[in-house]
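So you can see what is in the structure, the chains are spelled out below.
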Amino acid sequence: MVHDDDAILQRNLAFMADSVQGRVPPTVCRGDQQMSSVIGGLNTPTMAVSENVSTFQMESQTLGQKLLSLFSTPARCLQGVSTVKRAPTEELKAIFEKYASISKGPEKLMTSTDFIRGFLGLFPDANYDPNSIALLGGIIDSSKDGLISFPEFQAFEGLLCLPDALYLTAFQLFDTNGSGLVSFENFDNVMKQTTLHQRIPFDMDGEFVRLYFGKEKSRQISYSEFSQFLHDFHEEYAKVAFKRYDPEGTGFISAMDFNDIILSVKSHLLTPDVKSNLIALSRGGSSPGSKVSYAYFVAFTSLLNNMELIKKLYLQATSNKFDVEVTREEMLQVSQTMSQVTPLELEILFLLVDLHKQSGRITYADLQAIAPDQYMKKINQRLAAAKSAVPVDRSVTSQIFESAYRFTLGAVAGAVGATAVYPIDLVKTRMQNQRSGSFVGELMYRNSMDCCKKVIRHEGFFGLYRGLVPQLMGVAPEKAIKLTTNDLVRDKFTTKGQIPLYGEVIAGACAGGSQVVFTNPLEIVKIRLQVAGEIASASKVGAVSVVKELGFLGLYKGARACALRDIPFSAIYFPAYAHTKASMADENGYNSPLSLLVSGAIAGIPAASLVTPADVIKTRLQVVARKGQTTYSGVIDAARKIWAEEGGRAFWKGAGARVLRSSPQFGVTLVTYELLQRFFDVDFGGNRPTGSHAGKVEPLAVQKPIPADHIGGYQLALPIFAGMESKFGLFLPKFRAGSIVMPSSPSP
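Residues numbered from 1 in each chain as written. Predicted model: local features only at pLDDT ≥ 70, side-chain atom pairs only at ≥ 80, totals over all residues. Heavy atoms only, no water.

Visitor: Explain the packing of aromatic side chains residue by residue, including any values.
Guide: Applying the stated criterion across every chain, the model contains 46 aromatic pairs. Here Phe-96 and Phe-153 contribute two aromatic rings whose centre-to-centre distance is 5.2 Å and whose plane-to-plane angle is 50 degrees, an arrangement assigned as tilted. One end of the pair, Phe-96, is in helix 5 (residues 89-99); the other, Phe-153, is in helix 8 (residues 150-159), and 57 residues separate them in sequence. By the burial criterion, Phe-96 is buried, and Phe-153 matches it. (Phe/Tyr/Trp six-rings, centres within 6.5 Å; stacked < 30°, edge-to-face > 60°. Helix = DSSP H or I, 4+ residues; strand = E, 2+ residues; numbered from the N terminus. Buried < 20%, exposed > 50% of the residue type's maximum accessible area, 1.4 Å probe, protein only.)

Visitor: Any details on the nonpolar core? Residues and values, ideally.
Guide: Counting residues in each nonpolar core, the largest one holds 107 residues, and the members touching the most others are Phe-115, Phe-153, Phe-174, Ile-310 and Phe-721. With ten residues, the single largest contributor to this core is helix 13 (residues 223-245). If near-sequence neighbours (up to four positions away) are discounted, Phe-174 is found in contact with Val-182, Asn-186, Phe-187, Val-190, Met-191, Phe-226, Leu-230 and Leu-730. Ala-413, Ala-607, Leu-670 and Val-671 belong to the second-largest nonpolar core, a separate cluster that totals 21 residues. (Core = buried A, V, L, I, M, F, W, Y, C linked by side-chain atoms within 4.5 Å. Contact = heavy atoms within 4.5 Å.)

Visitor: Quick one: what's the story with the pattern of salt bridges, residue by residue and with numbers?
Guide: Applying the stated rule across the entire model yields 15 salt bridges. Close ionic contact of Glu-235 with Lys-266 constitutes a salt bridge, the shortest N to O distance being 3.1 Å. Placement of Glu-235 in helix 13 and of Lys-266 in the loop between helix 14 (255-265) and helix 15 (272-276) is noted, with a sequence separation of 31 residues between them. Given a relative accessible area of 28%, Glu-235 falls into the partly exposed group. On the accessibility criterion, Lys-266 (1% relative accessible area) is buried. We note a salt bridge from Arg-466 to Glu-459, for which the minimum N-O separation is 2.9 Å. Salt bridges here are not isolated pairs; linked through shared partners, they connect Asp-205, Arg-210 and Lys-217. (Salt bridge = Lys/Arg side-chain N within 4 Å of Asp/Glu carboxyl O.)

In structure tokens, the structure reads:
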């Protein structure tokens, strides 16, 4: 029996021989460095095909060099300006074998059904069309033997990383015999299986087809030529459909014919709102009665194709603002810089928007409402998710600078938040330190408001800010280590851009635990300064004198109670903030400053209130007991004595003041921190805060998670397959002919 590794190597060599001979597109991307020597040693044959000799020879001569460079590059491919990290071979092979249902000796193989329905999750219904499955499976099956080997599976993963992956995938769909060229017969066979051709047959004997495939339709076209052909084909299809509905050549079609053509040929470019208003739009055409002229028809289809360009015109007119209303005249003026957009197209655009609001003006949201998400937007979302899930390798220097950057912004944000609510914190501390079971006389403060009035009366307005300076000195390291630890642990639990709730809770708890190192000394000094004003003294109490009195170990008195408070607080706060922030983002995922402030404040309410008992114990342990007051030796001792002397309600003293302090403080701190990151935007290659870009990022709450088995280039597989429909209109039947379609959930 042949050894497993030998059998796989033989198939790899056979697959790469097919590649060099043109049976696999020359832009296949691989990350296997160990195969570079094999490719480098292959001789590149010269192929001659009728009417294609010069074009294909030029491509095939450089094929070996292309494969060599792709095989020997690091396991990383480019998608525009973004990077998708290639999947490790071992992990990819384990996933391949998970879905492969065929065994030939030591080798596992996939069927088209395994790949399309099992791995990708497309065509989930039981009555799926097997012909469509076989056609789509042929995209990966470069050897055209009806089975998909691991080398083919890995090669397609590399192909998906390439900038022209959509066109390459479509090319392999039509290259049904794996020759590296598309003949008229290939094109004709595939097109006849599409739902579009079944509704409106394309004229396969027309001039357009003959210009590309030759007068006798015997010419075969290469990938580069096919990409241009496919780009032009759908525009030609619309013209063919118009002529079909206008057999007399009048230059007009009826409103119903217009509706039928657009729904058939351009349905992939229509949102539900546009589909429901096609008849009304057709009546806006500059034509007699209810007829639609050819000029109006062409302008309408061109507008659908150019919606992304229209959005750029809008942003140019508004200086990249998303909420400014723009008139038709302003858009006309800006459109003069681009010849692709005509006045008639803009007239139709405003007519379409006016069907919903009769203002004569448009905003960016209006454009989004009439333009469906293009495949590139979905790919960019996948790239953003992939980048957040697996950050790119960064130098130590960039990470150090990023830490310094976050440290600085966190310090500023923490100082702003602490200063904004410090008077509330002082009142809270004095209320918690007031002991109803003591023998030192009557209570000093009746409630929080009475406390505030008496502080101002006896100590002046700035008495509300006693202890602020040491508080601000400790804010920087506290916020820095808290935010850094939370982000670090969140990254460890994040997979494919998603983090489970327990991961968020653990990350928050770790952040709370780490900050005790800084917060306990800070808190004990602050508290002693805050309560110093309650007792008349000849000498002024300062932060330095408090530190000297306590000593190093004394600074950590009450640390257990501090940890008992800070760990649960952060474990509640950070997950609550993340989810509240996502739910308050607008439809495009953007968080306004007000939504950030409210999210931080809302998250602080449960976090601050639920840990008040621990905060009361911590305060009692850290304050110097006056003569006649109860003293405590530890957390448990304090809890027992407070319960025995003052009852259970004493554990909730200052809860209202604590919520009033913590909730707005963290709201102000987080909104300041995120706004500083927007105003001083520096990209160090790490994780970025969500909700920062208006109209560009889809909210996390509505993004579909990337399937766990879609790693490397396969993270982009579903958007690419969807792009063949949304860009080229290549819809294949999803169900068997004549079958009854039962309702089911949509495919991913």
